Amino acid sequence: LNLSNNQLTELPESIGSLTELQELRLNNNQLAGLPESFRNLRKIERINLSKNQLAWLPKSIGKLTELERLDMSNNQLTKIPESIGKLVKLEWLYLSNNELIELPESFGNLVKLELLDLDNNRITEIPECLNGIKSLKEFQLNINC
């Protein structure tokens, strides 16, 4: 489902009824949050939420256990919920150009993560929780002290 490049400011709760959905493109909108029904997208594999106004992710993001690619770059995220560690199939995670200061310890559970982009955040040191991710092939982080 491609809803990119619109002026969406919110998603209806009914988005959760698309339980067979595998890809969702919502990039380049004005979304400030995600509805709770988002957790019902249990078969989703790819989500692009880049270039929105998102300041937080719901804890229910951890219910999307089939997720392989998640792009949350160019938002206003200040924190990532611990539940992200339940996304054990996640391979690509883009979090560049946000306001993140740290990552949750549960990041260490992302054992299939191959690409992690943390550029242009407020992180001041390489997070220790990444040490156990042996699958990581590409890691981007500019540290501004």
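Predicted model, so just to flag it, every value in this text is computed and none were measured.

Undergrad: Explain the overall build of the chain to me, and be specific about the residues and the numbers.
TA: On a plain count of helices and strands, the chain comes out with 0 helices and 6 strands. Mapped in sequence order, the helices and strands of the chain form the string β-β-β-β-β-β. For the chain, whose C-alpha radius of gyration is 14 Å, the value lies close to the compact-globule estimate of 15 Å for 145 residues. Considering only C-alpha atoms, the chain reaches an extent of 40 × 25 × 20 Å along its principal axes. Looking at the 145 residues of the chain, the share that counts as buried comes to 46%. Sequence separation of 24 or more characterises 22% of the internal contacts of the chain that already satisfy a separation of 6 or more. By element, 45% of the accessible surface of the chain is carried by carbon and sulfur atoms, the whole surface being about 7,600 Å². Taking the average location of the 16 positive side-chain charges in the chain and that of its 20 negative ones, the two points are 5 Å from each other.

Undergrad: Can you lay out the side chain of S96 for me, pointing to particular residues and giving the numbers?
TA: You can see S96 is positioned in the loop between β4 (92–94) and β5 (115–117). Apart from residues lying up to four places away in sequence, S96 is in contact with S73, N74, D117, L118, D119 and N121.

Undergrad: I'd like a description of the side chain of D119, backed by residues and values.
TA: By the secondary structure assignment, D119 is in the loop between β5 and β6 (138–140). K51 is the oppositely charged side chain nearest to the buried, salt-bridge-free D119, at an N-O distance of 15 Å. A distance of 3.2 Å separates the side chain of D119 from the backbone nitrogen of L141, its partner in a polar contact. Non-local contacts of D119, meaning those with residues more than four positions away in its chain, are made with S96, N97, Q140, L141 and N142.

Undergrad: Please set out the pattern of salt bridges residue by residue, giving values where relevant.
TA: Within the structure shown, the criterion is met by 7 salt bridges. Across the pair E23 and R25 runs a salt bridge whose closest N-O atoms are separated by 3.0 Å. Residue R25 is classed as partly exposed on the basis of its relative accessible area of 37%. Salt bridges sharing partners connect three or more residues here, namely E23, R25, E45 and R46.

Undergrad: Got a sec to walk through the sheet that holds strand β1 (residues 23–25)? Specific residues and values, please.
TA: Pairing in this open sheet of 6 strands is parallel, and the strands run β1-β2-β3-β4-β5-β6 from one edge to the other. Where the open sheet ends on each side, the last strands, each with one partner, are β1 and β6. Neighbour to neighbour, the strand axes of the sheet diverge by 5° on average, direction disregarded. Bridge analysis of β5 against β6 gives 3 bridges, and the strand direction is parallel. Bridge pairing links L115 to E138 in β6.

About the thresholds
Residues numbered from 1 in each chain as written. Predicted model: local features only at pLDDT ≥ 70, side-chain atom pairs only at ≥ 80, totals over all residues. Heavy atoms only, no water. Helix = DSSP H or I, 4+ residues; strand = E, 2+ residues; numbered from the N terminus. Rg over C-alpha atoms; globule rule 2.2 N^0.38 Å. Buried < 20%, exposed > 50% of the residue type's maximum accessible area, 1.4 Å probe, protein only. Contact = heavy atoms within 4.5 Å. Areas by Shrake-Rupley, 256 points an atom, 1.4 Å probe, with all protein chains shown as cover. Lys, Arg positive; Asp, Glu negative; His and termini not counted. Charge placed at Lys NZ, Arg CZ, Asp CG, Glu CD. Salt bridge = Lys/Arg side-chain N within 4 Å of Asp/Glu carboxyl O. Polar contact = N/O pair within 3.5 Å; in protein donor to acceptor, adjacent residues only side chain to side chain. Pairing = 2+ DSSP bridges. Axes fitted to C-alpha atoms, helices over the stretch in contact; angles between N-to-C directions.

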